[in-house]
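Each chain, written out:
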2 protein chains.
Amino acid sequence: MDKNRSSGVDIGLIHYPVINKIGETIGSAVTNLDIHDIARAAKTYGIDDYYIVTPYEDQRQLVTEICDHWLTGHGAGYNPARKQALELVTIMESVEKLITRVTQKRGQMPLLVTTSATVEEKTLSYGACRRKIKADVPLLLFFGTAHGLDQSVVRRADYILPPITGGTGYNHLSVRSAVSIILDRLMGRTNDHAE
Amino acid sequence: MDKNRSSGVDIGLIHYPVINKIGETIGSAVTNLDIHDIARAAKTYGIDDYYIVTPYEDQRQLVTEICDHWLTGHGAGYNPARKQALELVTIMESVEKLITRVTQKRGQMPLLVTTSATVEEKTLSYGACRRKIKADVPLLLFFGTAHGLDQSVVRRADYILPPITGGTGYNHLSVRSAVSIILDRLMGRTNDHAE
């Protein structure tokens, strides 16, 4: 991929609506390393924008302050590579506003793709999703924090990627790990996987 | 893979000797989320043991306390899945002692494999490494914290996996992301990558 060319792919990290341990709809708190690790993975794989979605004003303020430290504060000079990654971050109030924004940016509705820790309907394989990206279909990938996306978001999705399995039956990756693996599967250089 | 069967693969997260920003040999501090995220990824992909290597007594004590909270303390009842992951953690004082321990456990010297953010000699492709794992060659994978493994560890390695690239030239993943992606490439279900 040309490093100056748009990949057509955006990601959204959703803090509301998500579910808690017992399946109730909640809003989760932003985790500092989710901002950093996912921005670094996004920059590695050529994601256009990394949207952090939370309806809570104090949480949006926190993300702004953290990013500002690395974009214009002391961190910008100390670690320019981190600056490049955090430049991808945009903070949004809701899933609805995020979809509207990306639709405006792309000039068309993006394909909404979520992930799920369980097998769902509307499954799209990693290979098929990869081919859509190569065919320049604009894509908005949602990732849930806490115990995953609320069903209201899952229902809005056009497609759902299969859960990440390692053949062990253990299915409890951090969202940071899950995003990294999924971006590698969708946008990593294919020959890295093979020979 | 049978979930009760050994994969023959161990990983070591090295906090000394590693290098800092300007290439000096240093010891780094343990990061709480490195313990959790990497243990969860290790459990997902069937790693046998996750060794955390630090020569600093206070750091080893810290790791012990964190793990104990989830293994036998309040966390064990609150989150049994986390307990299962952290059961893989063993704390070691040095790379040397780690190699000795794994050699004793396996009854033979494991293949020492490191990763590098730059292209090095002794490169082993992900596909070739995957085949060694399938052929039951015992493997010990080293991951460096801070700005990567010191050359004294890289020199000891039998093989070096290529840097993870996303086609953008940006090469600054967190160690948590890098471990997750590498375990997926080496031990993830192949059909997840393809169709």
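Overview of the structure. (Residues numbered from 1 in each chain as written. Chains lettered and ligands numbered in written order. Predicted model: local features only at pLDDT ≥ 70, side-chain atom pairs only at ≥ 80, totals over all residues. Heavy atoms only, no water.)

Turning to the nonpolar core, a few remarks are in order. Core analysis: the largest hydrophobic core is formed by 88 residues, its most contacted members being A:Ile11, A:Leu141, B:Ile11 and B:Leu141. Setting aside its immediate chain neighbours within four residues, A:Ile11 contacts A:Ile38, A:Ala42, A:Ile47, A:Asp49, A:Tyr50, A:Tyr51, A:Leu140, A:Leu141, A:Phe143, A:Val179 and A:Leu183. Among the nonpolar cores identified, the runner-up in size contains 16 residues, and B:Val102, B:Leu112, B:Leu140 and B:Leu149 belong to it. (Core = buried A, V, L, I, M, F, W, Y, C linked by side-chain atoms within 4.5 Å. Buried < 20%, exposed > 50% of the residue type's maximum accessible area, 1.4 Å probe, protein only. Contact = heavy atoms within 4.5 Å.)

Here we take up the sheet that holds strand 5 (residues 89-92) of chain B. Sheet strands line up and pair through hydrogen bonds in the backbone, either parallel or antiparallel. Residue and element names in this part refer to chain B. With respect to topology, 6 strands assemble into an open sheet ordered 5-4-1-7-6-8, the strand pairing being parallel. Every interior strand has two partners, whereas the edge strands, strand 5 and strand 8 (159-161), have only one. Going across the sheet, the axis of each strand differs from the next one's by a mean of 25°, ignoring polarity. Two strands pair when backbone bridges link them, and strand 6 (residues 111-115) and strand 7 (residues 139-144) are joined in this way by 4 bridges, in the parallel orientation. Within strand 7, the position partnered with Val113 by the bridge is Leu141. Where helix 8 (residues 175-187) meets the sheet, its contacts fall on strand 1 (9-14), strand 6, strand 7 and strand 8, and the angle it forms with strand 7 comes to roughly 155°. (Pairing = 2+ DSSP bridges. Helix = DSSP H or I, 4+ residues; strand = E, 2+ residues; numbered from the N terminus. Axes fitted to C-alpha atoms, helices over the stretch in contact; angles between N-to-C directions.)

Bringing the interface of chain B and chain A into the picture now. In this complex, chain B contributes 43 residues to the contact, which on the side of chain A involves 43 residues. Our count for the contact surface shared by chain B and chain A stands at 4 salt bridges. For B:Arg176, the salt bridge is made with A:Asp37, and the minimal N-O distance between the two is 2.6 Å. The tally of links from chain B across to chain A stands at 20 residue pairs in polar contact (both at pLDDT 80 or more). Partitioned by chemical class, the residues of the side of chain B that touches chain A number 14 nonpolar, 16 polar and 13 charged. (Salt bridge = Lys/Arg side-chain N within 4 Å of Asp/Glu carboxyl O. Polar contact = N/O pair within 3.5 Å; in protein donor to acceptor, adjacent residues only side chain to side chain. Nonpolar A, V, L, I, M, F, W, Y, C, P; charged D, E, K, R; others polar.)

Quick look at the sheet that holds strand 5 (residues 89-92) of chain A now. Residues and elements named next belong to chain A. Strand order in the open sheet formed by 6 strands is 5-4-1-7-6-8, and the pairing between neighbours is parallel. The open sheet has two edge strands with one neighbour each: strand 5 and strand 8 (159-161). With direction set aside, neighbouring strand axes in the sheet form an average angle of 25°. Inspection of the sheet shows strand 4 (residues 50-53) paired to strand 5 by 4 bridges, in the parallel sense. Within strand 5, the residue paired with Tyr50 across the bridge is Val89.

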